[in-house]
Amino acid sequence: RPIAGPGKGGIRNRVGSESSADVNDVAELEVVASLLSHKTIHIAAGRSHSMAVGDNNLLYTSGKGINGCLGHGMDQDEWKFKVVTALLKQKIIKAAGGGMHSAAITEDGTLFTWGTTMYGRLGEGSPNGDTVFTPTIVKSLQGRFVADVACGSSHTAVLVNEAGEAPGGGTV
């Protein structure tokens, strides 16, 4: 069952917990009701947001929407997990959250990124800090199979399989 844990710094660090209780009043993990309709197969956390992939291959995000990192088309905060509608037609298998950006991989190895472009963290676009509010395919990796993704505070790393290579092996 999906859970959220207590954290320091108030509700911001308890994204998805759906509780109005102050963080200092909560000492136990709690079930995240908005994720109970499907089995959660993958979770990820960014600076101030959380991500979950359901067994329905949909991506759900929750937390601070700074620079559009939730992928909902705006920079509004969402305190309950909400499906990323821009990816409804995709089969998401993995997600990663960074400082002010996010990434997701589809079943066919396509990489989507969104959030701030600053420092080139989305893999494309201006490194000057433009905002991409909805998931966008990383065109420079089209035709290649992205097997894994990780986001840091200001960067994104991917594991790319070469043509004919089995999933799991690859080059960074």
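About the thresholds
Residues numbered from 1 in each chain as written. Predicted model: local features only at pLDDT ≥ 70, side-chain atom pairs only at ≥ 80, totals over all residues. Heavy atoms only, no water. Helix = DSSP H or I, 4+ residues; strand = E, 2+ residues; numbered from the N terminus. Buried < 20%, exposed > 50% of the residue type's maximum accessible area, 1.4 Å probe, protein only. Contact = heavy atoms within 4.5 Å. Areas by Shrake-Rupley, 256 points an atom, 1.4 Å probe, with all protein chains shown as cover. Pairing = 2+ DSSP bridges.

## A short note on the overall build of the protein chain
Part 1: Across its full length, the protein chain carries 0 helices and 12 strands.
Part 2: Ordered by position from the N terminus, the helices and strands of the protein chain form the series β-β-β-β-β-β-β-β-β-β-β-β.
Part 3: Looking at the protein chain as a whole, 41% of its 172 residues qualify as buried.
Part 4: Sequence-distant contacts, at least 24 apart, represent 42% of the contacts inside the protein chain between residues at least 6 apart.
Part 5: By element, 51% of the accessible surface of the protein chain is carried by carbon and sulfur atoms, the whole surface being about 8,600 Å².

## Some words on the pairing of strand β12 (residues 156-161)
Part 1: Sheet analysis places strand β11 (residues 145-151) next to β12, joined by 6 bridges and oriented antiparallel. Residue pairing for β12: C151 is matched across the bridge by T156.
Part 2: In textbook terms, the turn of a hairpin is the stretch between consecutive antiparallel strands, and for β11 and β12 this stretch comprises 4 residues.

## Some remarks on unusual backbone geometry
Part 1: Even without glycine at this site, N57 takes up a positive phi of about 60 degrees.
Part 2: Within the secondary structure, N57 sits in the loop between β4 (49-54) and β5 (59-63).
Part 3: Although it is not a glycine, Y119 adopts a positive phi angle of roughly 65 degrees.
Part 4: Relative to the helices and strands, Y119 resides in the loop between β9 (111-116) and β10 (131-137).
Part 5: Residue classification places Y119 among the exposed residues on the basis of a relative accessible area of 58%.

Keep in mind these numbers describe shape, not what the thing actually does.
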